[in-house]
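# Understanding the architecture of this molecule
One-letter residues, chain by chain:
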Amino acid sequence: MTIRVVVADDQELVRAGFAMILGAQTDMMVVAEAGDGFEAVGAARAHRPDVVLLDIRMPGMDGLEVARIVCTETSSRVVMLTTFDQDDYVFDALRAGASGFLLKDVRRDDLVHAVRVVAAGESLLAPSVTRTLIAAFTSGAATLPPQSSRLGLLTTREIETMRLLGAGLSNAEIAASLVVSEHTVKSHVSSILAKLSLRDRVQAVIAAYETGLIRPGTRSA
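Below you will find a few notes about this structure. (Residues numbered from 1 in each chain as written. Predicted model: local features only at pLDDT ≥ 70, side-chain atom pairs only at ≥ 80, totals over all residues. Heavy atoms only, no water.)

### Let's talk about the pairing of strand β3 (residues 51–55)
In terms of residue burial, β3 counts as a mostly covered element, since 5 of its 5 residues are buried. Because side chains alternate across β3, one face comprises the buried residues Val51, Leu53 and Asp55, and the other comprises Val52 and Leu54, equally buried. Note that strand β1 (residues 3–8) and β3 share 4 bridges and pair parallel. Bridge assignment links Val6 to a residue of β3, and that residue is Val52. Direction of pairing for β3 relative to strand β4 (residues 77–82): parallel, over a ladder of 5 bridges. Directly across from Leu54, in β4, lies its bridge partner Met80. (Buried < 20%, exposed > 50% of the residue type's maximum accessible area, 1.4 Å probe, protein only. Helix = DSSP H or I, 4+ residues; strand = E, 2+ residues; numbered from the N terminus. Pairing = 2+ DSSP bridges.)

Structure representation (structure tokens):
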């Protein structure tokens, strides 16, 4: 199956470089490029790509609004391009439906791998990156309103799994903590996503904060 990609970035050299790398893969096709937010939305609507590689800071319409529209109106999965240590919108982008993040200085192989992973329905974030993201958007004073009623849909073991998932643990680490197999953990994660209507693992991390399982400032295990 060919992975269809839209590359959206206002920096022409960055956009062209990413498009060239992805277009050179035998299993990928760059169906459109976009230089601003409006072009990105139009490209996503017109081409219905598997993955939209989207700069978080876009002229005309910023990447957050583009992500909300794309994730609401299409089945395309969004990966945000970011200079992570300077961006203050990571949490909002995740809530908008983004499946993960890439630094703009990403290595060629990591870029290709990330697009394949996201196109396959998984989240982009490795556990170490998840921990970094959590640290970034929980370092401030903001507190998320608990929505614990959603947890009534989950079993006790699923709640335990979600808490560890929210803390940034990998499946192997969760399995070790709960003394179960990785296959069992994968089953729990799949069930959590289905019951809470979440797109992927990244959205589960956000839900862990919104439901109060994880509090801002909580350190991962």
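### Considerations on helix α8 (residues 171–178)
Within α8 the residues assigned to the buried category are Asn171, Ile174, Ala175 and Leu178. Seen end-on, α8 carries its buried residues on one side only, within an arc spanning 100 degrees. Next to the buried residues of α8 lie α7 (156–166), α9 (182–195) and α10 (201–210). Looking one or two places after α8, you find Val179, whose phi comes out positive at around 55 degrees. (Arc of directions from axis to C-beta. Contact = heavy atoms within 4.5 Å.)

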